[in-house]
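# Fold and contact review
Here is what each chain is made of, one letter per residue.
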Amino acid sequence: MTLLEQPEPDVVKVSILNEESIILGFHLTKFMLRDVISNIPSSNYVIITDENLPPIYLSKIKENFNKIASEITSAKDKKTPEPRLITYAVPSIRRAKTRDTKADIEDFLLSKTCARDTCILAMGGGVIGDLAGFVAATFMRGIPYVQIPTTLIAMVDSSIGGKTAVDTPHGKNLIGSFWQPKRIYIDLVFLETIPEREFNNGMAEVIKSAIISSEPNFINLENGVSSIREAVFSNPKRDVPFQGAILATRTPSQSLLLSVIMEATKFKAGIVTDDERDSGIRSLLNFGHTIGHAVEAILFPELLHGECISIGMIKEAEIARHHGHLNQVSVSRLYKVLQDYGLPVSLDEKKVKDLVGKKFCSVDKLMEIMKVDKKNQGDQKRIVMLSSIGNTYEKKATIVSDSVIRKILSPSIKILPVTSSSNNSSIHVTMTTPGSKSISNRALVLAALGNGTCRLKGLLYSDDTQVMMVALQKLKGAKFEWKNDGETLVVTGGGGNLQIPDDELYLGNAGTASRFLTSVCTLISVETANQKNSTILTGNARMKQRPIGPLVMALQENGSQIRYVENEGSLPIEITPSQNKFKGGKINLSASISSQYVTSILLSAPYASEPVTLCLIGDKVVSQPYIDMTIAMMESFGIKVERLEGNVYRIPQGKYTNPSEYVIESDASSATYPLAVAAITGITCTLPNIGSTSLQGDAAFAVKVLEPMGCTVTQTETSTTVQGPPIGSLRPLPNIDMETMTDAFLTASVLAAVASNNEEECITRITGIANQRVKECNRISAMVHELNKFGVIASELPDGIQIHGSKIQSLKGPVGGVKCYDDHRIAMSFSTLGCVVPDGTIIREKKCVEKTWPGWWDNLESKLGINTVGIDSGSHHDSIIFIGMRGVGKTTLGREVAKALDREFLDLDHHFEATLSTPIPKFIEEHGWDAFRDKESEILRSLLNTHASDYIIACGGGIVEHPASRELLKQYSQNHGEVVHIVRDMNDVIRYLNKDTSRPMLSEDLFNVWNRRKTLYNECSNVDVNTINTIGGMTVENIVEIIRKTRRTFFISLTFPDITPALKIMPTITHGVDAIELRVDLLSENGDMPSVEYIHDQLASLRRSSSLPIIFTIRSQSQGGKYPDTQETEYFNLLEQAIKNGCEYIDVEIHKSPKLIDNLIKMKGNTKIIASWHDIPGTMKWDGEEVRRRVRTAHNIGDIIKIVGRAKCLSDNFKLREFVEWQQQHIKKPVIAINMEVEGQLSRLLNQTLTPVTHPLLPSKAAPGQLSVNEIHKGLHLIGQLPKKKFYIFGNPIAHSMSPTLHNTGFEVLGLPHHYDLFESEDIEAVKPIIEDIEFGGASVTIPHKISIIPFLDQISEHSKLIGAVNTIIVTESETGRKLIGENTDWLGIYSSIKPLIEINSETIGLVIGGGGTSRAGIYALHQLGVHTIYLYNRTQAKIEELKNQFPKYGIVGLSSLSDERIKQKPPRIIVSTIPATSNIEIPYELFASGKGGVIVEMAYKPRRTQLLEKGAENGWIGVEGVQVLIEQGLCQFEEWTGRRAPRNIIEGNVHRKYNNS
Ligand SMILES: NC(=O)c1ccc[n+]([C@@H]2O[C@H](COP(=O)([O-])OP(=O)(O)OC[C@H]3O[C@@H](n4cnc5c(N)ncnc54)[C@H](O)[C@@H]3O)[C@@H](O)[C@H]2O)c1
Ligand SMILES: [Zn+2]
């Protein structure tokens, strides 16, 4: 079918800005080309479109443009040259709405010599429309354009109104213009190829338009769900070419779709016409957007705009409901419509959670984002407030207070108690409670089948009623109209005249509706059959499993023609009308399963051809009260059922007569809550919609429970009034059987908890409620558990609960809040208790009340006068507070910890200044210190409310001076999170503070302040960084580690097909790296892809040859590797395997299936994920949108983010750095960002974390441009990022020292620019100028300076302090300046020499020979190794005593001789000798008498084999030579200085060579 055969379409035109320029229809291409060419004459027509769009659309246009153009131009005037058509498809990878993409289009236009006589055709979604529109607005100062929207969002929103824009890194749509298109062609055919989620996304805007402007349009959407979706998705057998183009071929569902979209465009066009520049009324379009945008700011791109708006609309509708502007029915209708169109309605939905992964919207964050909304008025937030379906409260957005928004958004709610002092007895509240579901459903059917009009009041809006209404309308059985803003449903009954509906009746999972309607459908008479001659009732998958067999069987036996379409006994069913419709007469029905079957037949029975006699058969009739309810209600509608005998009923023939008004009785269980609130708070409450004639069991609650407890109860037939006694004077009910009102036991239990009006034991025992163990949760045990949390004594009984009443004053709301077990009744009953509990009660998961009473919280507040506050607790972490002296580094540490724990950081001082908009010194100057401390305390209090989770809060040093603040901190540390006291050496603090003049000076001496505050800090904190080791579950050491590790890290990428032959060079190729990457995709097993076993073996070999962490990477082909993209399942299996094998890191490519990635995240345990993206085509720009999107996705997935681009020129590397630095201010996770190619090498130099490196010994580089560690260091030096440092050995004599060889070898191998020299001097003073030199990088310290050096240093490590000697100087540079730190690696050399050679247990004995400085290191090393008994031999006893005093707890046993008895009895297994080899001491053989062998560490290193080592060897002991210990301690030094692992094998080689030659 070629385009030219396209018929002249029937189009609809909508006018905007007083021109009919919006054209809607199906198959508009030809129409559009004609219109454009004739009416927007141009030399060039440029289609700007999107590579993603199915190519058929473009080819259709291209194919026919010339024909149409020549047709038109030749008809006009021979001289006019024919226009040309050019197309530009925005590459899908760069589809982003950015300035760059705009520039690309402009460059394209210029290159095609387009000038002013150019018309742009923007064909695509909103992205293309906004982008091309903006190009048109500025190209040659503005050229004409037309919009051809291809997504639903574009059709109803973005193409209309002339707003054009691009996004920038600072936000969306920030740069743009108003530029109206000449035409907007809305061709609904485009929707046929649109992904379902994109369609739903657009429906959010359609629903939004309807709900703010027109109830009829909204009803169309409510009723049209299946048709509208069919028109778009079912791809109907297009029997007719160009179906829908002309009216004659348009299906009803196509017409509906067209009208729905037309209405939405009309509405937007209308508003734009009134307010083109968005200054007033246009703000109405923002319904759902104030909150929706905030959600979007956090969850985009995982959630689409429309999905966020959908969630926003519900929340904003709830805000309107909270203010009393909107009723619950309207909120529910909105809820249902959104769900029906596949949109999310809550952030807690599983669907949403699956999409967004670990991202979440904390209320604080949402509030923060809303703060900068364009719509705000000053700092007040504005929200479009609905007043009913189709109307808004004001013709603009309405100001809403933060506390209300917070309340609605918060997952938890805090109930504040009423005060008993206020005169509650004078308060009288009247309120209606939600209607009974059973009565609502029955009333709807009765009124629909009846004659006349009936106003149903208080109908409960539910799935069942909604589905039933749609179905009854489709059966042409009745008309419905909501009145009084949804308070009343006006039903115009059809008197039982029904017709076969046009399509099947889809009932979702509405059980009651399906049962009731089955009988109703048998009432359709054969005459009404038109094209269709049967009715199909169907539902969702769950519905298709629910039973309906007994009912169908009874009807079939009675002559109705009902057929199961799929499974016997369940929907779908097909009902074909028979001659005399529902026959009637005697009907047998099994009633032991569901009373709904009975009700179904009863309700329809009067319309049967003969009077019905219904016999209920079976052992037992279930739920007789429900049958009685049906019969009673039928009577209200004029039909009196006669109960003959037992279970036989006679129903007369007739038609229902609709009463003019029917009030639906309240749900009796719901009614218990406000009545209980009256009982517990002492107010009076009247419910006008439930009274003494109620047939619901729970309706007896007032008389049977509240009255005996001391309330005054007054009932009429239809109303109930309860007045509570004064607060605290409810009486317990010793024993009460609640079998007839089991659902009300929870309400009774919370009242019993405070029923304690006298001194005796006040026990209430509730029984007969065993069934409550199998409700939403085990309610009995849940009640006991939660009551206990309040301090109430309660316990379970076999079929009930026993509660000891407590005095109200003694109750305490649980710190973590009441857990609701997703059970509405638990939430509502504990909120009742909360009305009196001192200090307030937090109810978690507040949304669980939605099941039966979504407006409960609003009612509790607005009707019952209980104050509530929104609380965002949920799954978040309590904030951590840092306290401590000024200058100890709370801010620095706080920021680092916040980063590490993924929290926000907040400085109380800053917050103070921001809140009061005044600097602290100024505040103090004006108001004095006392006022400052008061204010500070006040601000802390409010902060602990608003920022109670997910923050690290650093307080000012003096916060503990104020008693109220101390109390707050104490409370916080006891009940919530951690209050951490940060301690630092006061000398350091003073030195640091002296440099800082910006802070107010304290007049007192700082030491005095410290002495006074020390105890206060301790009193307020529960974590002390000096003593306890974890903050927020993270060890302090790790935190410090993170702070220190601003150094670079590298990993080597192994590119071997098989690593086993390469294992021997592993020590060399891993020089200087921090991890090893196994590129699994490059492995090859005999030329084939590696098997799982092969990979396993490779991993095992790697583990054996190196202790470095392993990064397990499978690089897919599309990401530049060798692994086939098609093998996704295998890909994930391998990664899972890697986790199981304990790989420290796995690389996960972010474009893989989100679901499988999610699984992986769940099981990853301690493995860290590197979430990677490689831009193989090289189209990603570091300043573009794509890279941001990739980072966002990677951020959700990984612990580390890895983004690899491709550099074309040097400046691409600068853009990369700029991007990374910008990102790192916002993202707390490390980012690996590099550019491939030689041009990208600079990015490899500059990358900080885990830069992939190569080594000359590898077969190939893993990626073009990869460098080695050596090259990177050299490069960094040359660009000034790694200055040369000078290192020394201080001591005398040192001429023969091995250390220069050791360190210089290391520097050279790693490409470090440093140099190590000897500095021989007897006088320690001589080192002063050296260590003060800015180039000084560190030093080894040896005899005789190991102790005398200490005064020259700023600080010495814990180890050195304990050993009392320093052998290494380390230089650190930080915010607080350059520091010289003394360390001791001697002990580490000894320690690491012994550790691998012997297993140590509590019996192991060590021996240290010698009493000098080195022996201290030996003793310390043995102690660190876990040796409990250390023999110490030295010639001078005084030395021994000195050391024993220095290490009193190390188990030192002094020996005066090596032949000591003790050695013979308990021989040592480790010997550390620290005396010179020349000191000829006698080595007795007893030393080796253990017979089990042992280890000797010889510290003397000339000669290589000392007498001790020789004798040991003869006795089978292992000897560690002095030179080896020297190397060990030197390697430790090297690593401390450079932050790099030393190239051990080469260093060892060189040192030994030098040693042998000397
Ligand atoms: N100017 C305005 O007043 C206004 C109003 C609302 C939204 N917007 C802007 O619109 C953009 C969102 O628009 P969108 O939702 O249309 O997104 P979009 O343009 O990104 O399109 C969504 C996806 O559907 C594909 N697609 C489009 N038409 C298709 C078709 N017929 N068949 C198959 N696939 C198709 C696209 O390639 C894309 O992948 C945002 O940039 C937003 O800021 C602007
Ligand atoms: Zn929108």
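Residues numbered from 1 in each chain as written. Chains lettered and ligands numbered in written order. Predicted model: local features only at pLDDT ≥ 70, side-chain atom pairs only at ≥ 80, totals over all residues. Heavy atoms only, no water.

Attention now goes to helix α16 (residues 437–449). In this model α16 runs 19 Å from its N-terminal to its C-terminal C-alpha over 13 residues, within 8% of the 18 Å that 1.5 Å per residue would give. Buried residues of α16: Ser-438, Ile-439, Ser-440, Asn-441, Arg-442, Ala-443, Leu-444, Val-445, Leu-446, Ala-447, Ala-448 and Leu-449, and no others. Two or three places before Ser-438, at the start of α16, stands the capping residue Ser-436, its side-chain oxygen 3.3 Å from that residue's backbone nitrogen. (Helix = DSSP H or I, 4+ residues; strand = E, 2+ residues; numbered from the N terminus. Expected span 1.5 Å × (residues − 1). Buried < 20%, exposed > 50% of the residue type's maximum accessible area, 1.4 Å probe, protein only. Polar contact = N/O pair within 3.5 Å; in protein donor to acceptor, adjacent residues only side chain to side chain.)

Our next topic: the site of ligand 1. Near ligand 1 lie 24 residues; those nearest to it are Asp-50, Gly-126, Thr-150, Thr-151 and Thr-193. Within the side chain of Thr-150, one N or O atom sits 2.7 Å away from a nitrogen atom of ligand 1. Contact between ligand 1 and Lys-163: a nitrogen atom at 2.9 Å from a main-chain N or O atom of the residue. When isolated, ligand 1 has an accessible area of 860 Å², and the protein chains bury 85% of it. Secondary-structure elements contributing two or more residues to the shell around ligand 1 are α4 (126–138), α5 (152–158) and α6 (196–213). Grouping the constituent residues of the shell around ligand 1 by class yields 7 nonpolar, 9 polar and 8 charged. (Near = heavy atom within 4 Å. Areas by Shrake-Rupley, 256 points an atom, 1.4 Å probe, with all protein chains shown as cover. Nonpolar A, V, L, I, M, F, W, Y, C, P; charged D, E, K, R; others polar.)

Within the protein, Glu-205 (OE), His-289 (NE2) and His-305 (NE2) serve as the donor atoms for the zinc ion (ligand 2), at 1.9 to 2.1 Å. Written as a sequence motif, the donor arrangement for the zinc ion (ligand 2) is E-x83-H-x15-H. Separated by 84 residues along the polypeptide, Glu-205 in helix α6 and His-289 in helix α10 (residues 289–299) bring together distant segments of the chain. Given the relative accessible area of 1%, Glu-205 is considered buried. By relative accessible area, His-289 is classed as buried at 4%. (Donors = N, O, S within 2.8 Å, 3.2 Å for Na, K, Ca; no water.)

The next thing to look at is the packing of helix α42 (residues 1269–1278) against helix α43 (residues 1299–1310). Direction vectors running N to C along α42 and α43 enclose 90°, while the axes themselves pass 7 Å from each other. It follows that α42 is roughly perpendicular to α43 by the angle criterion. Residue-level contacts link Val-1269, Asn-1270 and His-1273 of α42 to Glu-1308, Val-1309 and Leu-1310 of α43. Here the residues of the contact of α42 with α43 are counted per class, giving 3 nonpolar, 2 polar and 1 charged. (Axes fitted to C-alpha atoms, helices over the stretch in contact; angles between N-to-C directions. Parallel < 35°, antiparallel > 145°, perpendicular 65-115°, else oblique. Contact = heavy atoms within 4.5 Å.)

Taken together, the side chains of Glu-1320, Glu-1322, Asp-1323 and Glu-1325 present a region of like negative charge at the surface. Residue position: Glu-1325 is located in the loop between β53 (1315–1320) and α44 (1328–1332). We classify Glu-1325 as partly exposed; its relative accessible area is 47%. (Patch = residues over 30% accessible without salt bridge, like charges linked within 9 Å, V, L, I, M, F, W, Y side chains within 5 Å. Salt bridge = Lys/Arg side-chain N within 4 Å of Asp/Glu carboxyl O. Lys, Arg positive; Asp, Glu negative; His and termini not counted. Charge placed at Lys NZ, Arg CZ, Asp CG, Glu CD.)

The final tally for this structure, using the stated rule, is 58 salt bridges. Among the ionic pairs, Glu-574 bridges to Arg-563, the shortest N-O distance being 2.8 Å. Here the residue Glu-574 occupies a position in strand β22 (residues 573–576), and Arg-563 occupies one in strand β21 (residues 561–564), the gap between them amounting to 11 residues. For Arg-563, a relative accessible area of 45% gives the class partly exposed.

Here 8 strands make up an open sheet; going across it, the order is β50-β49-β48-β47-β46-β45-β44-β51 and the pairing parallel. This sheet does not close on itself; its edge strands, each paired only once, are β50 (1231–1236) and β51 (1251–1253). Adjacent strand axes in the sheet meet at a mean angle of 25°, parallel and antiparallel pairs treated alike. One ladder, built from 6 bridges, connects strand β49 (residues 1200–1206) with β50; its direction is parallel. Considered in β50, the bridge of Gly-1205 is made with Asn-1235. Sitting on the sheet, helix α36 (residues 1092–1105) is in contact with β44 (1050–1054), β45 (1075–1079) and β46 (1110–1113), with an inclination near 160° to β46. Docked against the sheet, helix α39 (residues 1185–1197) engages β47 (1145–1149), β48 (1168–1174) and β49, running at close to 155° with respect to β49. (Pairing = 2+ DSSP bridges.)

The interhelical angle for the contact between α16 and helix α18 (residues 511–521), taken along N-to-C directions, is 25°, at an axis separation of 11 Å. Judged on the interaxial angle alone, α18 and α16 are roughly parallel. As for how α16 packs across α18, the hand of that crossing is right-handed. Contacts from Asn-441, Arg-442, Val-445 and Leu-449 in α16 reach Thr-512, Phe-516 and Val-520 in α18. Grouping the amino acids of the contact of α16 with α18 by side-chain chemistry returns 4 nonpolar, 2 polar and 1 charged. (Left-handed = near helix turned anticlockwise from the far one by under 90°.)

Mapped onto this numbering, the UniProt entry annotates "active site" (unreviewed entry) at His-293, Cys-848, His-1174 and Lys-1202. Across 910 residues of sequence, these annotated residues are also dispersed in space, with a maximum C-alpha separation of 43.9 Å. Within the secondary structure, His-293 is located in helix α10. Residue position: Lys-1202 is located in strand β49. Under the relative-accessibility criterion, Lys-1202 is labelled buried at 6%. With near-sequence residues (within four places) excluded, Lys-1202 lies in contact with Phe-1051, Glu-1077, Arg-1115, Asp-1147, Ile-1170, Ala-1171, Ser-1172, Trp-1173, His-1174, Ile-1232 and Pro-1252. (UniProt positions renumbered as here; feature names shortened; annotations may be inferred.)

This part takes up the pairing of β48. In the case of a regular strand, side chains alternate between the two sheet surfaces. Taken across its 7 residues, β48 has 6 buried, putting it largely inside the fold. In this structure, β47 lies alongside β48, joined through 5 bridges in parallel fashion. Each bridged residue has a counterpart across the sheet, and for Tyr-1145 the counterpart in β48 is Lys-1168. Strand direction decides the pairing type here: β48 and β49, joined by 5 bridges, are parallel. When the sheet's bridge partners are listed, Ala-1171 is paired in β49 with Ile-1201. A crossover links β48 with its parallel partner β49, the connecting element being α39, and its sense is right-handed. (Right-handed = clockwise from strand over helix to strand, strands pointing away.)

Turning to the packing of aromatic side chains, a few remarks are in order. Counting across every chain of the model gives 29 aromatic pairs. Both rings, one in Trp-1387 and one in Tyr-1420, keep their centres 5.1 Å apart while their planes meet at 85°; by these two values the pair is edge-to-face. Of this pair, Trp-1387 sits in helix α46 (residues 1386–1394) while Tyr-1420 sits in helix α47 (residues 1413–1425); the two residues are 33 residues apart in sequence, bridging distant segments of the chain. A residue is classified by how much of its surface remains accessible, and Tyr-1420, at 2% relative accessible area, is buried. Each residue in the set Phe-1287, Phe-1307, Tyr-1316, Phe-1534 and Trp-1537 is aromatic and connected to the rest through ring pairs, giving one cluster. (Phe/Tyr/Trp six-rings, centres within 6.5 Å; stacked < 30°, edge-to-face > 60°.)

Time to look at the sheet that holds strand β63 (residues 1518–1520). Ordered by their spatial adjacency, 6 strands build an open sheet running β60-β59-β58-β61-β62-β63, and the pairing between neighbours is parallel. Whereas interior strands pair on both sides, the edge strands pair on one side only; in this sheet they are β60 (1452–1455) and β63. In this sheet, neighbouring strand axes are inclined to one another by 20° on average, regardless of whether the strands run parallel or antiparallel. Against the sheet, α47 makes contact with β58 (1405–1409), β59 (1429–1433), β60 and β61 (1470–1473), and its axis sits at roughly 170° relative to β58, the strand it touches most.

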